[in-house]
Structures are given as structure tokens and as C-alpha cells.
Amino acid sequence: MSDPAMSDPAKSDNASLAARRDRSLPRGVASSTAVYADRAENAELWDVEGRRYVDFAGGIAVLNTGHRHPRVIAAVEAQLGRFTHTAFQVSPYESYIELAEKLNARAPFSGEAKTILLTTGAEATENAVKIARAATGRSAVIAFTGAFHGRTLLASAMTGKVTPYKRKIGPMPPEVFHAPFPTGIDGNTVEKSLAAIHYLFAADVEPERVAAVIVEPVQGEGGFHVAPTEFLEALRALADQHGFLLIADEVQAGFARTGRLFGIEHSGVEPDLVCVAKSLAGGFPLSGLIGRAQLMDSLDPGGLGGTYGGSPIGCAAALAVLDVIEEEGLLDRATAIGERLRARIEEFAAAGLPVANLRGLGAMIGFDVTNATGETCGVAAKAVTAAALEAGLILLSCGTKGETIRILVPLTASDAVIDEGLDIVEAALARITEKVDA
Ligand SMILES: Cc1ncc(COP(=O)(O)O)c(C=O)c1O
């Protein structure tokens, strides 16, 4: 029997929810804060104790249009009044087709495009591999260190980080090979990455067996490292030379975050398949795979899909998101926010705060936190996110050592809220510096 007190929101506070959570959820489901959400609006969130936070996490890159954008909510409410689910495989509906048409028209490659809609980012990356294998008749996939492509088994295999994503769950699906991502830090150059791919071709897999290379135009979880244009150009050239496909994983970088609809557009390189999710539907679960039309038709009817794939609620939300991006000029706004963030973070560095390797594209901005000896340091970055949280800012770290602070503030946030968040970041950096110096 359920305990009525357990479902009474008036009795919930962060500590009691944390205790209930520990008893009822596996520890593998981790949260970076113990701030239990009650309500949220644009770039602000209030917890169950009524405390307000500025939100620089945006639900991990899902909320480029902010929490509960009125246009998105209105579109979803209208859809709720019509139908919520039919399964597109049973009774299809127009919004799925309309969204596919709009995504095809905006695809970051020339020629005809087709789009399938799914639910999660991992499904988008998995389906990209299915299509690449079917289209090429080949098996192998090349991915990069630090990459994150999701938590399902094949997506975990493509993810370039063992702990916590691969530990204890091996063996991984075969035919996935990793080369170093050219972060530009610690000697990870484009030349080294390309040499490593040639090494793979010599030591592990012949290029004629490679179906695809998958790359994030800006690495998300791996540390907000921007893929250099010459690197993307070289991957395109290798793909053309050996007949494999170039997959752009835009799950985190896509949908206006970088100042373009897709991060790869900055390079001018044309991918063959593009994975999208997160901010596509402004807070509703929806993902997709956009690809060259002839490739997308490689699988037989029934070979693609999923019960919830292309949910009508998600499609309604995504159509509204595309309108909001256009009508509110969010591509330019992302560029302006990026400049604002950079200018302020450069000031932090100039003032001697422990900041290094400022980087990013548009409003996808990250920087490393250093320790007393000037090394980039996960413990120091964690201290910054903890101090920020105490002061009322939800802030995320990332990077292979957790050393990077990443900023994913909604593009609809006002300058005042962004500055409020940046003031807290500054104070948090100053606070950890005092602790380190003490
Ligand atoms: C680049 C990238 N690809 C794929 C995924 C997986 O998306 P999901 O968590 O929706 O499965 C993520 C999630 O963070 C991501 O950042």
C-alpha cells in the first residue's frame, strides 16, 4: 500500500526526496545536484523548498528555447486536445511528416534528404549505424576518445570513455574503433588524430570494412572541444576516398546552440547522416536522424521505427521550437550570448581566477578549472559547481576528468539572468581559489 505522506507534495523537501530516492532507485541513475525541481520558467528553476536557481544546465542542452516556452507549451496543449499517441506505424499523422519536411529543408548537406523521428539521442546514433551498415554493406565504425553517443549498448561502445559508461558491461558490441579527438590540448593535434586513423587502418580494420565515422562537431560530455574544420574536412576526404559515411552527432551541439542550426555548418563540411535530439523539441522527448535520401532508404519497411518514435507531442513541440528559433532570432542570440560569456570568462582569467582553455562555438562555451599547481582538475571543477549551487546557480561540468565547466544557458535568457549566473560563477571560482590558497 502506498503511504499517503509519500505522495503529498507539501511534505516533500530535498532531503526527504533524496532519502526516498536512495531506497527506490538504483545508484547507477546519478544526478549532479540534490535540487528536486518543483517548477521552472525560461532560465530559472524553483526547487520543492521554494528556492530559486538560475539554470545554466538547460536540462543538459535540451532547453535552448528555455523551460516551458509559451509557444511550445501552447503547441503541446493543442496537441493534447487532439490525440497523444497512435504509434506512427499504425495511424500516421501530419505533424511527423511536416517536421521531417522542415528538417530535410534545413539539412546541412546538398541534395535530397529524408528524416526518421525517434525518441532519444542514443536511438538516433544507433539508427545512424544501422543505416550506415545497410547502405554500405560494411560493419565497422570509427569514433573518438571523449565522445559521448548514448548509453544503450552500441552507443556505449561508440562512446569514448570507459568509466562510468562501459565499466562492468562488456564485452562491447564489436567493430567499433576509437581514434583520439583533436582537442588541441595536451598535444592532441589534428595530425595525431589522422595518424591514429591510419594506424587503425594498418593494425585493426581495413578501410573497405568501415561503414562510417561518427563525430560530434563540438564534443559535449567530452569537454566542449570544437572539432577543427581541417579535421572535419579530412574525415570527409577519408570517407569519400574509402566509401564510408560521415555521421555528425548534433545531439548536444544542434538546434541553435552554436549560432547555426547545426554545429557542423560552421565548417562547411557536409555529413551524410545527422543525429538530432535534445533541444529539437524544447523539453519533450524526441530525436531524429536526417540523412541523404538514397541512404535513408537502405532498410526495408519495418526495419526502422519504435512505438513512441516521432511522438505527436514531440512533433508539435519541435515544430514550435523551429518557429521560435526563427522568430526570436535565436541563431544570432546564441552568437551574442557566446560573446558575452567569453568576454566575462576572459575577465575571470585576467583577474587570476583558476580558468584555462576557454573554448566553444556560439553559446556552447566551456573552460577548464585549474588547481593550485595550475593543472586542469576535476576536483576543482566539482568544487566550483558545488559553490555555484550553494549560491543559486545550476552549473554542469564535463570533460574526461570532469575538469571542464560547460555553459548551456537557454538562448531565450535575458542578459540580466545570464549576468546573474556569471556573477555566481565568478564568486565560486574566487571561493575555491581562497580554499586552495588557504
Ligand atoms: C552528443 C550526444 N549524443 C548522444 C547522446 C545521447 O542522448 P540520450 O541521452 O537522449 O540518449 C547525448 C546525450 O548527452 C549526446 O550529448
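In the block above lies the structure referred to throughout.
These remarks concern the structure in this document. Per chain, residue numbering runs from 1 following the sequence as it is written. Owing to the predicted nature of the model, reporting of local features is limited to residues with pLDDT of at least 70; listing and counting of side-chain atom pairs is limited to 80 or more, with chain, interface and lining totals taken over all residues. The side-chain figures draw on all heavy atoms in the structure; neither hydrogens nor water molecules are used.

### What about the packing of aromatic side chains?
Centre distance and the angle of the planes are the two values used to describe a pair of aromatic rings.
Thought 1: Planes of paired rings set the category: under 30 degrees apart is stacked, over 60 is edge-to-face and the rest tilted, where pairs are Phe, Tyr or Trp rings (Trp by its six-membered ring) whose centres lie within 6.5 Å. According to the stated counting rule, one finds ten aromatic pairs in the structure shown.
Thought 2: Consider the rings of F88 and Y96, whose centres lie 3.8 Å apart with planes at 20 degrees: the pair is stacked.
Thought 3: Assessed through its relative accessible area of 9%, Y96 is described here as buried.
Thought 4: Between the aromatic rings of F255 and F262, the centroid separation amounts to 5.7 Å while the plane-to-plane angle is 75 degrees, which identifies the pairing as edge-to-face. The pair formed by F255 and F262 is uniform in burial state, with each residue classed as buried.
Thought 5: Look at NZ for Lys and CZ for Arg. If either is within 6 Å of the ring centre and within 35 degrees of the ring normal, a charge sits over the ring. The ring of W46 carries R39 above its face, with NZ or CZ at 4.2 Å from the centroid. Relative accessibility thresholds used throughout: buried, under 20% of the residue-type maximum; exposed, over 50%; partly exposed, between the two (1.4 Å probe, protein chains only).

### A few points about the layout of surface pockets
Thought 1: Think of a 1 Å grid over just the protein atoms. A cavity is a set of points where a 1.4 Å probe fits yet cannot get out, a pocket is an open set with protein on both sides within 12 Å along at least five of seven lines, and lining residues have an atom within 4 Å of a point. Grid points are joined across faces, edges and corners, and a volume is the space filled by probe spheres set on the points. When its volume is computed, the second largest pocket comes out at roughly 480 Å³.
Thought 2: As for the second largest pocket, its lining consists of 20 residues, of which F88, Y96, T115, I116 and L304 are closest to the centre.
Thought 3: Of all the elements in the fold, those that place two or more residues in the lining of the second largest pocket are helix 4 (94–105) and strand 4 (113–118).
Thought 4: For the purposes of this entry, the term helix denotes a DSSP run of H or I that reaches at least four residues, the term strand denotes a run of E that reaches at least two, and both are numbered from the N terminus. Broken down by element, the residue count for the lining of the second largest pocket peaks at five residues, all from helix 4.

### Some thoughts on the sheet that holds strand 1 (residues 37–41)
Thought 1: The rule for pairing is simple: two strands pair if DSSP sees at least two bridges between them. Spatially, four strands are ordered 1-2-3-13 in an open sheet, and the strand pairing comes out mixed. Each having just a single partner strand, strand 1 and strand 13 (393–394) make up the two edges of the open sheet.
Thought 2: The sheet contact formed by strand 1 and strand 2 (residues 44–47) spans four bridges and is antiparallel. Across the sheet, the residue bridging to A40 is L45, located in strand 2.

### Considerations on unusual backbone geometry
Thought 1: Note the cis peptide between T163 and P164, where omega equals 5 degrees.
Thought 2: Residues G170 and P171 are joined by a peptide bond in cis, for which omega reads 0 degrees.
Thought 3: Mapped onto the elements of the fold, P171 is located in the loop between helix 6 (153–158) and strand 6 (176–179).
Thought 4: One non-glycine residue, A61, lies in positive phi territory at about 70 degrees.
Thought 5: Note on A61: relative accessible area 1%, which makes it buried.

### Describing the pattern of salt bridges
Thought 1: Should a side-chain nitrogen of Lys or Arg be within 4 Å of a carboxyl oxygen of Asp or Glu, the pair is scored as a salt bridge. In the structure shown here, the tally under the stated rule is 23 salt bridges.
Thought 2: A salt bridge links D272 to R292; its shortest N-O distance comes to 2.7 Å. Note that D272 is positioned in the loop between strand 8 (245–249) and strand 9 (273–276) and R292 in strand 10 (residues 287–292), a separation of 20 residues in sequence.
Thought 3: Its salt-bridge partner being D415, residue R340 comes within 3.5 Å of it at the nearest N-O pair. Linking R340 in helix 11 (residues 330–350) with D415 in helix 13 (residues 415–437), this pair joins segments that are 75 residues apart in sequence.
Thought 4: Judged by its relative accessible area of 31%, R340 is partly exposed.
Thought 5: Among the ionic contacts, a cluster of salt bridges with common partners joins R236, D240, E270, D272 and R292.

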